[in-house]
Amino acid sequence: MDIEIDLGQLIPADLPDGREAVRAGRELAKSVERSRSMYCEEKGVGSEREWREKARESGISCTTMNIGLNTWADTRTALENIYESCMSRGVRPPDRFNLIAERRMGLPKNMRAGAPAETGPVLWTDQDWWELTHTVPIQPEAADNMIGGPGSVENVLDALRVGVTYIGVLSQYSWRWPYWDDEVSQLQSVLTAGGVLSAFRNEGVVFDSYLEDGYPGVFHDYASYIGWAMLERYVSEELIGAAYSSSWGGLTKNPVIKSAVTLALDAVNPGRVPTAFLQGDTIGNGADFDANFGVLVNDLLFMKLTDMRYRLGGAPLAVPVTEAERIPSWSEIATVQTISRKVDEYVPMVTGAIDWQHIEGLRDRLVVGGRHFFDTALSTMTLMGIDVRDPARVLLVLKRLGAAKCEELFAPGERDASFLRGKRPILETDLVRETNAKRDILLDTIKSHSGEDRVRGMKVLVASTDVHEFAKFLLTSTLEALQANVIDCGINRDPEDIVKVVAETAPDAVVLTTHNGVARSFATRLLDELRHQRLETPVFMGGVLNEDVEGSEVPVDVQADLIRLGVYIPGTVDELVAALRQLHTAER
Ligand code: B12
């Protein structure tokens, strides 16, 4: 194969051996005294995995919910309310929840209080941790921001002590945390946390990964998802020694494709570790909450059909209808939980009418493609002298290559320059296809206006404050198509990073996309920094413009505050282009 990058150069000469970090984790594990959660007590099992395997064998349908309100106290009350609501309605409560903690949880404990707050709770005390597993008999997963960041070791120890047995999220090792740039120590923390998990493999402890949180979330081909899951499983099970589960599903709308990918992931899971959860569709939802109930039911039905027919033990997750706007309140979660249990009743009526042969055919193609991705990745690394038995080397090479290059180099499709990654996908991913289509419609609309060339040559800096990058892609590719001079400042940027680039490149405008519930505090800090440096560059913002405030369990809209601060909020990309044009015309 003809590869122009020397993968060896992606590894610093002094990178410590990852096996040492894993060994350190196994040592640490000796001091951990695990306890049993309320849920495991109730079910009479030692771990969630043990129950999930039993449930799978007996045909019991399990469910998951995501939860993470403003504070732990709000989240705890929400758990109590959801549990009570289920009991009073005669609905079996969810089996498990993913704690959607905020990003500060990924930092080492001593840095959390000083870091910027986003949406979601932080577990500050031992008591908070204890309550995680001992408030209601619903089993928690220590999910977002627990493993992946530089605070992974502290989190894994706390989680195991209180009786959590599925802990994630391996794919988040590719994230950058605010004000943290030491990739090597971050990676070591992840591997040591993995080492701790490996010590409890025989006791049912599992290393979970929600694939879309990492590179698969921006892959163009579902076959690459399968290959990536194989790579993560190889690192987790063979190199670290921890049982691995690949959860997935949020960025896929087509239920038939979703079933095929779910089955392909099962086919590359030889130990049949029950998948922590099958995530509900998060992209089919729009601003009309009533319409989103349609999305919910179709998605749930297919996830459950697949889960039950093939005895996957996957615990599907119902997504509240407010998904596109903000994180949900407890009653919105309880509502979709009730609907999810109702859908269970329809599974046996529908299953016989589904064309499973067609779905299995898609599955088989994905598995072949996934194996190609996996084999090519490992053989290319070996060819370039990288020790593929060292988990640190494997993970760092993949991270530094980036999602696009990983796919360009390892994906299975035939060469075809008309596709962005240079290959025709085996099965194109839904969110990429939809975003490309959105961009084409946008360009048609903009080009039909007169004076569309008025942003030509305009220097525009574009950045995302967090991991969300589809809107950034939409912004950069639209502006580039209109021949603006785009400075792509990347994702996960801190205000200071952006101001530094503004000072160096003197753009005509800064365009930010933000989603994590930090719009006001981020803008305040950015504008302060700009002022401090006597820079008067206009700032445009869009995305999810809300923020957590005391007294509200969900984030509140802060658009009026942004306008007061002097930020422009055009609403749509179309309106942004019009505003930039005006600015450019005024400047000339
Ligand atoms: C995809 C997605 C993810 C993916 C991102 C994959 C990737 N690499 O990009 C993954 C799974 C990784 C993810 C992670 C998280 N996510 Co998310 N995610 C979404 C989701 C489902 C879709 C966003 C998207 O890409 N849409 C497609 C793009 C093209 O559209 P868009 O972003 O909506 O932008 C449109 C407009 O807003 C506008 N626009 C956007 N930016 C700008 C800028 C300007 C200037 C203008 C004019 C217009 C504009 O143009 C676009 C076209 O219409 C939304 C829910 C939803 N359905 O919208 C949640 C959502 C944004 N995520 C959310 C959260 C909380 C998170 C996490 C923080 C969760 C956590 N605690 O870990 C993490 C992020 C952690 C981190 N490190 O930053 C919340 C935000 C909640 C809030 N603020 O109230 C949402 C709303 C889900 C929810 N309801 O809880 N997420």
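For the structure itself, consult the block above.
Residues numbered from 1 in each chain as written. Predicted model: local features only at pLDDT ≥ 70, side-chain atom pairs only at ≥ 80, totals over all residues. Heavy atoms only, no water.

*Asks:* Mind laying out the overall build of the protein chain, listing which residues take part and the relevant values?
*Replies:* Looking only at helices and strands, the protein chain has 22 helices and 12 strands in total. For a compact globule of 588 residues, the expected C-alpha radius of gyration is about 25 Å, and the protein chain comes in at 23 Å, within 12% of that figure. Within the span of the protein chain, comprising 588 residues, buried residues form 61% of the whole. Looking at the protein chain as shown, the accessible area adds up to about 22,600 Å², and 51% of this sits on carbon and sulfur atoms. (Helix = DSSP H or I, 4+ residues; strand = E, 2+ residues; numbered from the N terminus. Rg over C-alpha atoms; globule rule 2.2 N^0.38 Å. Buried < 20%, exposed > 50% of the residue type's maximum accessible area, 1.4 Å probe, protein only. Areas by Shrake-Rupley, 256 points an atom, 1.4 Å probe, with all protein chains shown as cover.)

*Asks:* How would you sum up the sheet that holds strand S7 (residues 459-464)? Please name residues and give values.
*Replies:* Pairing is parallel across the open sheet formed by four strands, whose spatial order is S8-S7-S9-S10. Unpaired on one side and paired on the other, strand S8 (485-488) and strand S10 (539-543) mark the two borders of the sheet. On average, each strand axis in the sheet is inclined to that of its neighbour by 25°, with strand direction left out of account. Contacts between helix H20 (residues 519-532) and the sheet are confined to strand S9 (509-514) and S10, with S10 contributing the most and set at about 165° to the helix. (Pairing = 2+ DSSP bridges. Axes fitted to C-alpha atoms, helices over the stretch in contact; angles between N-to-C directions. Contact = heavy atoms within 4.5 Å.)

*Asks:* Can you tell me about the site of the ligand, naming the residues and giving the values?
*Replies:* Around the ligand sit 40 residues in total, of which Asp144, Glu323, His468, Glu469 and His515 are the nearest. With respect to the ligand, the side chain of Asn516 contributes an N or O atom lying 2.9 Å from an oxygen atom. Between an oxygen atom of the ligand and a side-chain N or O atom of Asn546, the distance comes to 2.9 Å. Of all the secondary-structure elements, those providing two or more residues to the shell around the ligand are helix H18 (470-481), S9, S10 and helix H22 (573-587). The element contributing the most residues to the shell around the ligand is H18, with four residues. Residues of the shell around the ligand, tallied by class, amount to 20 nonpolar, 12 polar and eight charged. Composition of the shell around the ligand by domain shows at least three residues from each of domain 1 (20-359) and domain 2 (431-587). (Near = heavy atom within 4 Å. Polar contact = N/O pair within 3.5 Å; in protein donor to acceptor, adjacent residues only side chain to side chain. Nonpolar A, V, L, I, M, F, W, Y, C, P; charged D, E, K, R; others polar. Domains from an automatic or database assignment.)

*Asks:* Any chance you could break down the pattern of salt bridges for me, citing the residues and the numbers?
*Replies:* If charged atoms from side chains of opposite charge come close, those side chains can pair. On inspection of all chains with the given rule, the structure shows 49 salt bridges. In this structure, Asp158 and Arg161 form a salt bridge, with 3.4 Å as the shortest nitrogen-oxygen distance. You can see Asp158 and its partner Arg161 sitting in helix H7 (residues 152-162), three residues apart, about one turn around the helix. You can call Arg161 partly exposed: its relative accessible area is 36%. Lys472 is the salt-bridge partner of Asp488, the closest N and O atoms lying 2.9 Å from each other. Note that Asp488 is positioned in strand S8 and Lys472 in helix H18, a separation of 16 residues in sequence. With relative accessibility at 43%, the residue Asp488 sits in the partly exposed group. Judged by its relative accessible area of 9%, Lys472 falls in the buried class. Overlapping salt bridges, with partners in common, bring together Arg92, Asp95, Lys304, Arg341 and Asp344 in one network. (Salt bridge = Lys/Arg side-chain N within 4 Å of Asp/Glu carboxyl O.)

*Asks:* Break down the environment of Glu53 for me, citing the residues and quoting the values.
*Replies:* Structurally, Glu53 can be placed in helix H3 (residues 48-58). Spatially, the C-alpha atoms of Glu53 and Gly314 are 10.0 Å apart, while their sequence positions differ by 261 residues. Among residues more than four places away in sequence, those in contact with Glu53 are Arg272 and Pro274.

*Asks:* I'd like a description of the packing of helix H6 (residues 126-134) against H7, backed by residues and values.
*Replies:* One way to put it is that H6 packs onto H7 with a least axis distance of 9 Å and a crossing angle of 50°. The angle between H6 and H7 falls in the class oblique. Between H6 and H7 lies a crossing whose hand is right-handed. Contacts between H6 and H7 involve Trp129, Trp130, Thr133 and His134 from the former and Asn155, Asp158, Ala159 and Val162 from the latter. Counted by class, the contact of H6 with H7 contains four nonpolar, three polar and one charged residues. (Parallel < 35°, antiparallel > 145°, perpendicular 65-115°, else oblique. Left-handed = near helix turned anticlockwise from the far one by under 90°.)

*Asks:* I'd like a rundown of the coordination of the cobalt atom of the ligand, residues and numbers included.
*Replies:* With respect to protein ligation, the cobalt atom of the ligand binds only His468 (NE2), at 2.3 Å. With respect to the element layout, His468 can be found in the loop between S7 and H18. (Donors = N, O, S within 2.8 Å, 3.2 Å for Na, K, Ca; no water.)

*Asks:* Which residues make up the pairing of S10, and what values go with them?
*Replies:* Bridge count for S9 against S10 is five bridges, and the pairing is parallel. Following the sheet pairing, Val511 is matched in S10 by Phe540.

*Asks:* Tell me about helix H19 (residues 495-505), and please be specific about residues and values.
*Replies:* All of the buried residues in H19 are Pro495, Ile498, Val499, Val501 and Val502. The buried residues of H19 occupy an angular sector of 160° when the element is viewed end-on, so they sit on one face. Away from its buried face, by an angle of more than 90 degrees, H19 presents the exposed residues Lys500 and Glu504. Those residues of H19 hidden inside the fold are in contact with S7, S8, S9 and H20. Note on H19: the residue one or two positions beyond its end, Ala506, has a positive phi of about 45°. (Arc of directions from axis to C-beta.)

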